[in-house]
Amino acid sequence: MNAEAGSTGVLFTLMAVTQLLLAGGGAYLYFRMQRARREAAQLHREKEIIFGFVHDIGEIFAEVEQMETDLLLKRVLFYAQRTTQAAPGAVYLFDPQQTQLQVRAMAGLFPPLMEKLDRRLDSGVSKSRHVEELVRTRRIARGEGLIGEVAESGAGLVIADAAADPRVPRHTLDFVSIHTLLLVPLRIHRGVLGVLALANRTSGEPFSDTDRNLIQALADQAAAAVHYAGLRDALDEKRRIDNDLSVARQIQASLLPATLPHLPSVELAAFNEPAQHVGGDYYDVIRVDDRHIGLAIADVSGKGIGGALLMSVCRSMLRAHAPGQCSPAAVLRQISRVMSADIAEEMFVTMLYMVLDVESRTLTVARAGHERPALIRRGEIQFLNSSGAAIGLMDDDTFSSALDETTVQLEPGDVVVAYTDGITEAMNARDEEWGLNAFLDACKVAAAEGAAPLVQNVRQRLQRFVGGRAQYDDMTLIVMRQLG
C-alpha cells in the first residue's frame, strides 16, 4: 500500500507541475503577443510618420528656387515640429565668416541653451519677450555649448532625459524648462551651415533615434536648399551690381569727350580703357577762349567706384575754372584749393594740364605730379618738364609753391603725347611690364602718320603684349599733332 500511495503522489506531482508549466507558457506567450502588438503599433506609427515625412518633403521644397532663405527655414522648422511633435524649435545658421551661429528662424518659445535666465523678471509678458530676445540675439561660437558642439562635430544629438544631462541648463521658469532635446546639423559638402534644434515633445515622450534620422534627412535637404539659395542671392546681387556698374560706366563715358574738336592747325586723338567697369582716369579738351584750348589728363589713385566719383569731381572743377584762364598752373591751384580739403587721406589725383595758343603755337604745361608729356620732334623724343605734386598729398600753400609751368614753341609736325601709367605698367601673362621704352617706340614709329594712327599703333602693340591678361590699372592716352 505504501508503494501504491507513493506512485499516486508522484503522479499528482507530475500533473501539477505540468499544469504550472502550461500556465506559465500561456502567460509567456501572452506577454510575447502583447509585446509584438506594441512593436507592431510602434512600427505602424513610424511608418505613418515616414510616409507623412516623405509627403512633407515635397511640400517643403516646392518652389524653393523662388523662396527667400528665411521663409524656407520657417517652413522647414514647421514640418520638423509636425514630424516630431516638438513644441518649440529654432534654426541657427553660421555667419558669412563661418565662426558664429545665430537664430534665423524660431517657432514657439525655444529655451536658451547657453545661460540661465534672470530670475528678477516680474511678468509673464516680460519673461517671454526676454527669452525670445535672448535666444534671437545670442551668438554662439563654433564648439560652444550644445549648438556649437553639433555644428563642430557635424553629428546629430538626442538627449532623451535633459534633467540627467549636465550639458543642459536648468531653468527655474517652467515655460522654458527642458525635458528632451533633438539637435541635427545642416550639412552640405562635408561642411555645416547651421543647426536645427527641437525641444520638448507635446506628448511628453522623449525624442528617439527615429526622430533624429528623419530630421537629419530634412536638415540635409534644407542645407542644400539654403546653400543654393545663398548662391542664387549672391548671383542676383552680382547681377544688380553689374547692372549698376554698367549704368555707372555709361555715365562715366559720357563725362569724357564724345568727339574731339576739329581745328585747322591741330590734330587730336585719344583713348581710354578702364581696368574695371568704371575707372579713375580722365582726359578732356576744353575751349579756353577764341585762341586757346586746354588739354587735360588725370589719374585718380583709387580705382573702381571711389576713383570714378573723385574723377567726376575733378572734371567738374576743371570745367569750372579753365574757361578764360590761360595759365595751366593757375587752374591746377584752383582745383587743389577746392578739392584738397575733401579728398580722403588715402586718395590723391595726379593731373597734367596744357594750354595751347593755336595762333602762336606755344604750349604751356603744368604738371601736378603726373607723368611728363613726351614731345616727338623729327623722330626724336624729349620730355616737357615742370615741377609739381599730386593734388591731395599736401596742404594748399605747399602745393601752390611747388607747382610751376613751362612753355615750348611747337613746330609743324611736332607730336605731344600725354598718358597715364596704366599704359607703361601694363602686364602680360609672364608678369612683365610693357614699359616706357616700348610705349615711346610705338609712339615714335607712327608719329609722322598723324595723331589717330599713333593712338591706333599704341593700342595694337599694347594688346599684343598683354594678350588676354586682365589689367589692374586704367589706361588713357591723348595725342596732339601740330600741323603746318
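Bear in mind that the values here come from a model prediction, so they are computed numbers and not experimental data.

**Points about the side chain of aspartate 95**
On the secondary structure map, aspartate 95 appears in the loop between strand S1 (89-94) and strand S2 (100-107). For aspartate 95, which is buried and forms no salt bridge, the nearest opposite charge comes from arginine 139, at a distance of 4.8 Å. A polar side-chain atom of aspartate 95 sits 2.8 Å from the main-chain amide nitrogen of glutamine 98.

**Description of the environment of aspartate 404**
On the secondary structure map, aspartate 404 appears in the loop between helix H8 (396-402) and strand S14 (405-409). Classification of aspartate 404 by relative accessible area gives partly exposed; the value is 34%. Separated by 74 residues in the primary sequence, aspartate 404 and alanine 330 place their C-alpha atoms 9.2 Å from one another. Separated by 2.8 Å, the side chain of aspartate 404 and the backbone nitrogen of serine 387 make a polar contact.

**A word on the pattern of salt bridges**
Under the defined criterion, the tally for this structure stands at 21 salt bridges. In this structure, the salt-bridge partner of arginine 187 is aspartate 220, at a minimum N-O distance of 2.9 Å. Note that arginine 187 is positioned in strand S5 (residues 181-188) and aspartate 220 in helix H5 (residues 209-255), a separation of 33 residues in sequence. For arginine 187, a relative accessible area of 33% gives the class partly exposed. Arginine 377 serves as the salt-bridge partner of aspartate 414, at 2.6 Å between the closest nitrogen and oxygen. Residue aspartate 414 is located in the loop between S14 and strand S15 (415-419), and its partner arginine 377 is located in strand S12 (residues 374-377); the two are separated by 37 residues in the primary sequence. There is no split in this pair, since aspartate 414 and arginine 377 are both buried. It is possible to trace a salt-bridge network through shared partners that takes in Arg377, Arg378, Glu411 and Asp414.

**Details of empty space enclosed by the protein**
For the structure shown, the criterion picks out 1 cavity of 30 Å³ or more. Together, 10 residues line the largest cavity, and Tyr92, Pro112, Leu113, Met114 and Arg138 are the ones closest to its centre. Across the lining of the largest cavity, the residue classes tally to 8 nonpolar, no polar and 2 charged.

**Observations concerning the sheet that holds S15**
Strand order in the open sheet formed by 5 strands is S7-S16-S15-S12-S13, and the pairing between neighbours is antiparallel. Looking along the sheet, the strands with just one partner apiece sit at the ends: strand S7 (266-273) and strand S13 (380-383). Direction aside, the axes of adjacent strands within the sheet are offset by 20 degrees on average. Of the strand pairs in this sheet, S15 and strand S16 (residues 475-482) are connected by 5 bridges, and their pairing is antiparallel. Bridging across to S16, valine 417 finds its partner in valine 479.

Criteria and cut-off values
Residues numbered from 1 in each chain as written. Predicted model: local features only at pLDDT ≥ 70, side-chain atom pairs only at ≥ 80, totals over all residues. Heavy atoms only, no water. Helix = DSSP H or I, 4+ residues; strand = E, 2+ residues; numbered from the N terminus. Buried < 20%, exposed > 50% of the residue type's maximum accessible area, 1.4 Å probe, protein only. Lys, Arg positive; Asp, Glu negative; His and termini not counted. Salt bridge = Lys/Arg side-chain N within 4 Å of Asp/Glu carboxyl O. Polar contact = N/O pair within 3.5 Å; in protein donor to acceptor, adjacent residues only side chain to side chain. 1 Å grid on protein atoms, 1.4 Å probe; cavity = no way out; pocket = protein on both sides within 12 Å on 5 of 7 lines; lining within 4 Å. Points joined across faces, edges and corners; volume = space filled by probe spheres on them. Nonpolar A, V, L, I, M, F, W, Y, C, P; charged D, E, K, R; others polar. Pairing = 2+ DSSP bridges. Axes fitted to C-alpha atoms, helices over the stretch in contact; angles between N-to-C directions.

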